[in-house]
Amino acid sequence: MIATTAGLLRKYDVPGPRYTSYPTILYWDTETTLARWLDSTARSLSLAELDGTGAAIYVHIPFCRSLCTYCGCNSRITCSTSVGKAYVRSVLKEWELYRRQLGRSAPIPLSELHLGGGTPTFLSADELDELISGILKHVKQTPDAEFSIESDPRVTRPDHLAVLRQLGFRRLSLGIQDFDPRVQEAVNRIQSEQQVRLVTEHARALGFNSINYDLIYGLPFQNLNSVERTVEATIRLQPERIAFYAYAHVPWVKPGQRHFTEDDLPSGEEKRNLYEFGRTMLEQAGYIEIGMDHLALKTDSLWKAAFAGTLHRNFMGYTSRFVSPLIGLGVSSISDSWDVFVQNEKQLETYEARVAQGEIPIFRGHELSEEDKILRRHILNLMTRFETCWDSPELYVPYLDSVAKKLEEPRRDGLVRLSANGCEVTNNGKAFLRNICMAFDARLARQAPTTQLFSRTI
Ligand SMILES: C[S@@+](CC[C@H](N)C(=O)[O-])C[C@H]1O[C@@H](n2cnc3c(N)ncnc32)[C@H](O)[C@@H]1O
Ligand code: SF4
């Protein structure tokens, strides 16, 4: 790292969005009606059909057996195994409401199905089968359809994997976070390398061909030694992809994060060094950084997409291609028709009650303005290609005139190179990608938050 890095990390360590969407959810207008959402989804589906592609469906399963104290996800902690059945019925009812209200007689074309959470493998193998079969019964899969699932190695059994494989899943994402016993104890998540090995090997034997590991840097008590051990174990197990997330500390939204004290957290330079150190080890082992906090082997479709320039980013994170619409089912799920965003009720009981009453349970949304769409394009370019430019009129809005001024200081600090109508992130600037995207965020500029909304950028 360059000599002034410590100073830069201090200077740019500010609260900021992670840009899985633009505008970020806290800046949505929230006035979108269900009718507008359905209308734009129907249009997006027709376009997909014309192109020979299909929708993406995301299903959120909120349940987990115990709370990992760092967790920032929408999760419901419970030991009761009876909640799964009722929840599966609610999601299938929501799916039926969609089909009816979209007014389609033909099956919905489907290119991607992703189960996330919480912990989808909290459900039994039979419940997963009922849920997924119930969705697939009413779709027509495109020839290149891809199914993926997030799972926790502590609760993923051979029968889960067998059912998923039978249903067509080939991508598996395992929550690892850290292999160090002291860190694991501090975050209330004990899992051994052997446990992870067994699930990984079993999945591979069944034919899963892309396995992702989620790691986090910036957890309590992490240091270079613990990251070294975690990354060594990861390299031994050879996942095709790695999400190496920056720990997002948002205790005002997630009180579970108050289970450890902030003094135990590496911050600023110390935190970033953990990432640089881990990334260097992974690069030496053949992984390539393909976007913010993500690495992949050259054999994986995420690397191939980054190489071909088709890498995309949406509410689910990085994906290897653009697919629209994205229909989110289940509590707190976010949907995106490319013109309109909506989010489902975030509280489980409210979600289930509204579905039972026959309502598609959205509670907020946003219709993108022309300016939003153009600024989204630039933020996406930066997140997926580390550069963007607004040479052509379709990529220009007057707000961009102020961007060069906002990026002048990052330019002097060696984080970006500016051209007449564009900018390129330097190698040193990659650590500050969120800050660079913030220069393009007109909504943030016009209405600076008065309370802390976002995690810190470093
Ligand atoms: C839904 S969980 C993955 C599946 C399963 N629940 C598990 O934990 O194994 C999604 C991932 O988000 C990441 N995550 C959760 N809370 C986070 C936080 N506060 N900061 C950064 N990453 C976080 C973790 O890496 C986690 O694996
Ligand atoms: S990290 Fe995963 S398993 Fe842990 S509480 Fe969050 S969603 Fe549940």
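The structure presented is a predicted model; accordingly, all values stated were derived computationally and were not measured.

Thresholds, definitions, all that
Residues numbered from 1 in each chain as written. Chains lettered and ligands numbered in written order. Predicted model: local features only at pLDDT ≥ 70, side-chain atom pairs only at ≥ 80, totals over all residues. Near = placed C-beta within 6 Å. Helix = DSSP H or I, 4+ residues; strand = E, 2+ residues; numbered from the N terminus. Nonpolar A, V, L, I, M, F, W, Y, C, P; charged D, E, K, R; others polar. Domains from an automatic or database assignment. Contact = placed C-beta atoms within 7 Å. Buried ≥ 20, exposed ≤ 12 C-beta atoms within 10 Å, placed from the backbone. Right-handed = clockwise from strand over helix to strand, strands pointing away. Pairing = 2+ DSSP bridges. Expected span 1.5 Å × (residues − 1). Arc of directions from axis to C-beta.

Quick word on the site of ligand 1
Here comes step 1: Close contacts around ligand 1 come from 18 residues, with Gly72, Asp152, Gly175, Asp214 and Ala248 the closest.
Here comes step 2: When contributions to the shell around ligand 1 are tallied by element, the ones reaching two or more residues are β4 (108–117), β6 (171–177) and β7 (210–217).
Here comes step 3: Tallied by class, the residues present in the shell around ligand 1 amount to eight nonpolar, seven polar and three charged.

Topic: the domain arrangement of the protein chain
Here comes step 1: For the protein chain, the assigned domains are domain 1 (1–23 + 369–458) and domain 2 (28–366).
Here comes step 2: Here the C-alpha centre of domain 2 lies 26 Å away from the C-alpha centre of domain 1.
Here comes step 3: Residue-level contacts link 17 residues of domain 1 with 21 residues of domain 2.
Here comes step 4: Residue assignment for the side of domain 1 that touches domain 2 shows that the elements contributing at least two residues are α1 (5–12) and α12 (370–385).

Regarding the site of ligand 2
Here comes step 1: Taken together, Cys64, Leu67, Cys68, Cys71, Cys73, Ser75, Gly117, Gly118, Thr119, Asp152 and Gly175 make up all the residues around ligand 2.
Here comes step 2: Of the residues contributing to the shell around ligand 2, the split by class is five nonpolar, five polar and one charged.

Overview of the environment of valine 88
Here comes step 1: Inspection of the secondary structure puts valine 88 in helix α3 (residues 83–101).
Here comes step 2: Separated by 38 residues in sequence, valine 88 and aspartate 126 have C-alpha atoms that sit 11 Å apart.
Here comes step 3: Setting aside anything within four residues of it in sequence, one finds valine 88 in contact with Leu123, Glu127, Glu130 and Leu131.

What about the pairing of strand β8 (residues 241–246)?
Here comes step 1: Of all six residues making up β8, six are buried, and the element is well covered by its neighbours.
Here comes step 2: Of the two faces of β8, the one carrying Arg241, Ala243 and Tyr245 and the one carrying Ile242, Phe244 and Ala246 are both buried.
Here comes step 3: As for the winding sense of the linkage, the β-α-β connection from β7 through helix α8 (residues 224–237) to β8 is right-handed.
Here comes step 4: Sheet analysis places β8 next to strand β10 (residues 294–296), joined by three bridges and oriented antiparallel. Looking at the pairing, alanine 243 lines up with histidine 294 of β10.

Notes on the pairing of strand β13 (residues 326–329)
Here comes step 1: Side-chain alternation along β13 places Leu326 and Gly328 on one buried face and Ile327 and Leu329 on a second face that is also buried.
Here comes step 2: In this structure, strand β1 (residues 55–61) lies alongside β13, joined through four bridges in parallel fashion. The partner of alanine 56 across the bridge, within β13, is leucine 326.

Here we look at α3
Because each turn of an α-helix spans 3.6 residues, side chains separated by three or four positions in sequence point in the same direction.
Here comes step 1: Under the 1.5 Å per step criterion, the end-to-end length of α3 is 27 Å for 19 residues, consistent within 8% with the ideal 27 Å.
Here comes step 2: For α3, the complete set of buried residues consists of Gly84, Tyr87, Val88, Ser90, Val91, Glu94 and Trp95. Looking straight down α3, one finds that the buried residues subtend no more than 160 degrees of arc, so they occupy a single side. For α3, the exposed residues lying more than 90 degrees away from the buried face are Ala86 and Arg100.
Here comes step 3: The secondary structure elements touched by the buried residues of α3 are β1, β2 (63–64), α4 (125–136), β13 and α11 (348–356).
Here comes step 4: Glycine 103 occupies a position one or two residues after α3 and carries a positive phi of about 65 degrees.

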